[in-house]
Amino acid sequence: MLCSKYLSVLGVHFGVSYTVGMLGNAAALYVLRRTRDGGHRKYAFMLRCLIVNDAVALNGLLAMFFANAYRPGTKVSTAWTCRSRVLLRFVSVESGPAVTFVMAAERWLALTKPFVYQKCINLWFLKKTMFALWFGVLCLACAPFFGFGIYWDEDSSTCVRYRHAKKTLDVMYVYVYFSVGLLQCLSTLYMNFKVMRLLNVKNVSRGKLLTCAVATKREKSFSWLMLLLSVTFLFCWIPHVVLIPLNRLIDDDNKMRPFNIVSDMLIVVHIILDPYLYVLQHWKLIRSAFLQPHSDENIKGIAVIYHSSSTKKLCEVS
């Protein structure tokens, strides 16, 4: 049981973070609602998925905080409380990277495979991909319910974290979980850095068949935004993934607790920053959404936020 002084400090910190995050999500959703998509329905869909997912994640983290802080230990009368915590972990932690992965893949395909993108990537395909990824992550999170992984110890009637597995099948689940998370994070980072590099291409070599992007002022600014998004994603999510095998190697909760707390706080920081990085940094769009809902700036709003591939000057040079 955490001491009352530590709980109060942690509670204030989380309360402030929760308020800032929910205000940001509410403002971002309002801006997206007032902003006409101008034909860019795919980008509007992905941004709304991101913001709604972040809002749900913040509420899930709030529930997890109170469940862990104000319940004496992990004693429960039935396994249903442990199952609810597994589902809260999915809602608050595991669903977010799926959205950022889809957004990164869409940007990457728009730049590197423009013909495939125009032919195959539509709103219906993105919806199927998004919900398929969410369902896959949910199945992975709930696998302990069906014997692959651990979440409940019948002998002591306590909740057990999946990373504290002892049996072979449960240990396999830990490393499957780690591999999926690491692959998702590295793929997202690769695609973001690839987009950033392509946006900064200035010189085109004649005599070769290639696709080029002429860097406009908007594209350069968007490349810096991509760098910022990549760096924040790297520093906020990679520690969570790396700590999975470290908790296996260092089987001492007291030593690892500070690192786990810092990792959880970094995830909260990333969730809070999302609406400000993706939507609320565009002050002209915010002003038009709140004050001039029918302005020309509002018509192009979604393209301004997400930087549609139609604004890229793609060319083939022979």
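None of these values were measured; they are calculated from a predicted model.

Asker: Any details on the overall build of the chain? Residues and values, ideally.
Answerer: If you tally the helices and strands in the chain, you get 12 helices and four strands. In the chain, which comprises 318 residues, the proportion classed as buried is 45%. A separation threshold of at least 6 residues defines the contact pool for the chain, and within that pool the share at least 24 residues apart is 80%. For the chain, the exposed surface amounts to about 16,700 Å²; the carbon and sulfur share of it is 66%.

Asker: How would you explain the confidence of the model for the chain if you had to name every residue and give the values?
Answerer: Scored by pLDDT, the chain comes out at a mean of 75, with 72% of its residues at no less than 70. Per-residue pLDDT, averaged within each element of the chain, yields its smallest value for strand S4 (residues 314-317) (37) and its largest for helix H6 (residues 123-142) (91). Overall, residues 308-318 carries pLDDT values under 50, and its contacts beyond four positions in sequence, including any with other chains, amount to 38 contacts.

Asker: An account of the UniProt feature "transmembrane region" (unreviewed entry) in the chain is needed here, citing residue identities and associated values.
Answerer: Under the UniProt annotation, the feature "transmembrane region" (unreviewed entry) is placed at residues 6-32, 44-67, 87-110, 131-152, 172-193, 224-246 and 258-279. For residues 172-193, helix accounts for 100% and strand for 0%, while the C-alpha atoms at its two ends are 31 Å apart. Counting secondary structure, residues 224-246 comes out at 100% helix and 0% strand; the distance between its end C-alpha atoms is 33 Å.

Asker: Describe the nonpolar core, with residues and values.
Answerer: Of all hydrophobic cores here, the largest spans 34 residues; its most connected members are Phe 45, Met 46, Val 99, Met 103, Met 130, Tyr 278 and Val 279. Counting residues per element, this core draws most heavily on helix H2 (residues 41-69), which supplies seven residues. Sequence-distant contacts of Phe 45, defined by excluding residues within four places in its chain, comprise Leu 123, Leu 126, Lys 127, Met 130 and Phe 131. In terms of nonpolar packing, the next biggest core, distinct from the first, is built from 26 residues, Leu 58, Val 174, Ile 244 and Val 268 among them.

Asker: I'd love a proper account of the environment of Trp 124, names of residues and values included.
Answerer: With respect to the helices, strands and loops of the structure, Trp 124 is situated in helix H6. A residue is classified by how much of its surface remains accessible, and Trp 124, at 58% relative accessible area, is exposed. Between the C-alpha atom of Trp 124 and that of Lys 42, which follows or precedes it by 82 residues, the distance is 8.8 Å.

Asker: Could you give me a rundown of the side chain of Asn 53, with the residues and numbers involved?
Answerer: Tracing the sequence through the fold places Asn 53 in helix H2. Given a relative accessible area of 8%, Asn 53 falls into the buried group. In contact with Asn 53, not counting residues within four places along its chain, are Ser 95, Gly 96, Val 99 and Trp 134.

Asker: Quick one: what's the story with the side chain of Asn 247, residue by residue and with numbers?
Answerer: When you line up the elements, Asn 247 lands in helix H8 (residues 217-249). Those residues within four positions of Asn 247 in sequence are excluded, and the remaining contacts are Arg 163, Met 256 and Asn 260.

Asker: How would you summarise the packing of aromatic side chains if you had to cite specific residues and measurements?
Answerer: Tallied over the entire structure, the rule returns seven aromatic pairs. Summarising the aromatic geometry, the rings of Tyr 162 and Tyr 177 are spaced 4.7 Å apart at their centres and angled 50 degrees between planes, so their arrangement reads as tilted. In this pair, Tyr 162 is assigned in the loop between strand S2 (158-159) and helix H7 (168-199) and Tyr 177 in helix H7, connecting sequence segments 15 residues apart. The residues Tyr 162 and Tyr 177 share a single accessibility class, namely buried. Judged by centre distance (6.1 Å) and plane angle (40 degrees), the rings of Tyr 173 and Tyr 177 are tilted. Taken as a pair, Tyr 173 and Tyr 177 lie in helix H7 at a separation of four residues, close to a single helical turn. The exposure classification of Tyr 173 matches that of Tyr 177, with both residues buried. Three or more aromatic residues joined by ring pairs make a cluster, and in this case those are Phe 148, Tyr 162, Tyr 173 and Tyr 177. Sitting over the ring of Tyr 43, Lys 42 keeps its end group 5.4 Å from the ring centre.

Asker: Explain H6 residue by residue, including any values.
Answerer: With 20 residues, H6 should reach 28 Å at 1.5 Å per residue; the first-to-last C-alpha distance of 28 Å fits that figure. Listed in full, the buried residues belonging to H6 are Leu 123, Leu 126, Met 130, Trp 134, Val 137, Leu 140, Ala 141 and Cys 142.

Asker: Give me the environment of Trp 224: which residues, what numbers.
Answerer: Tracing the backbone through its elements, the reader meets Trp 224 in helix H8. Among the residues examined, Trp 224 registers a relative accessible area of 62% and is labelled exposed. It is 9.7 Å that separates the C-alpha atoms of Trp 224 and Asn 200, two residues lying 24 residues apart in sequence.

Asker: How would you sum up the packing of helix H4 (residues 96-112) against H7? Please name residues and give values.
Answerer: How two helices sit against one another is set out by the angle between their axes and by the gap between those axes. Across the interface, H4 lies against H7 with an axial gap of 9 Å and an inter-helix angle of 35 degrees. For H4 against H7, the interelement crossing comes out left-handed. Residues Pro 97, Ala 98, Thr 100, Phe 101, Ala 104, Ala 105, Arg 107, Trp 108, Leu 111 and Thr 112 of H4 form the contact with H7, whose participating residues are Gln 184, Ser 187, Thr 188, Tyr 190, Met 191, Asn 192, Lys 194, Val 195, Leu 198 and Leu 199. Of the residues contributing to the contact of H4 with H7, the split by class is 12 nonpolar, six polar and two charged.

Asker: Would you mind going over helix H3 (residues 80-94) in detail, with residue names and values included?
Answerer: Taking 1.5 Å of rise per residue, 15 residues should cover 21 Å, and H3 covers 20 Å from first to last C-alpha, within 8% of that figure. Looking only at H3, the buried set comprises Cys 82, Arg 85, Val 86, Arg 89, Phe 90, Ser 92, Val 93 and Glu 94.

Asker: So what's going on with the environment of Val 262? Residues and values would help.
Answerer: You can see Val 262 is positioned in helix H9 (residues 253-280). Distance from Val 262 to Pro 239, taken between C-alpha atoms, is 8.8 Å for residues 23 residues apart in sequence.

About the criteria used
Residues numbered from 1 in each chain as written. Predicted model: local features only at pLDDT ≥ 70, side-chain atom pairs only at ≥ 80, totals over all residues. Heavy atoms only, no water. Helix = DSSP H or I, 4+ residues; strand = E, 2+ residues; numbered from the N terminus. Buried < 20%, exposed > 50% of the residue type's maximum accessible area, 1.4 Å probe, protein only. Contact = heavy atoms within 4.5 Å. Areas by Shrake-Rupley, 256 points an atom, 1.4 Å probe, with all protein chains shown as cover. pLDDT = per-residue confidence, 0-100. UniProt positions renumbered as here; feature names shortened; annotations may be inferred. Core = buried A, V, L, I, M, F, W, Y, C linked by side-chain atoms within 4.5 Å. Phe/Tyr/Trp six-rings, centres within 6.5 Å; stacked < 30°, edge-to-face > 60°. Lys NZ or Arg CZ within 6 Å of the ring centre and 35° of its normal. Expected span 1.5 Å × (residues − 1). Axes fitted to C-alpha atoms, helices over the stretch in contact; angles between N-to-C directions. Left-handed = near helix turned anticlockwise from the far one by under 90°. Nonpolar A, V, L, I, M, F, W, Y, C, P; charged D, E, K, R; others polar.

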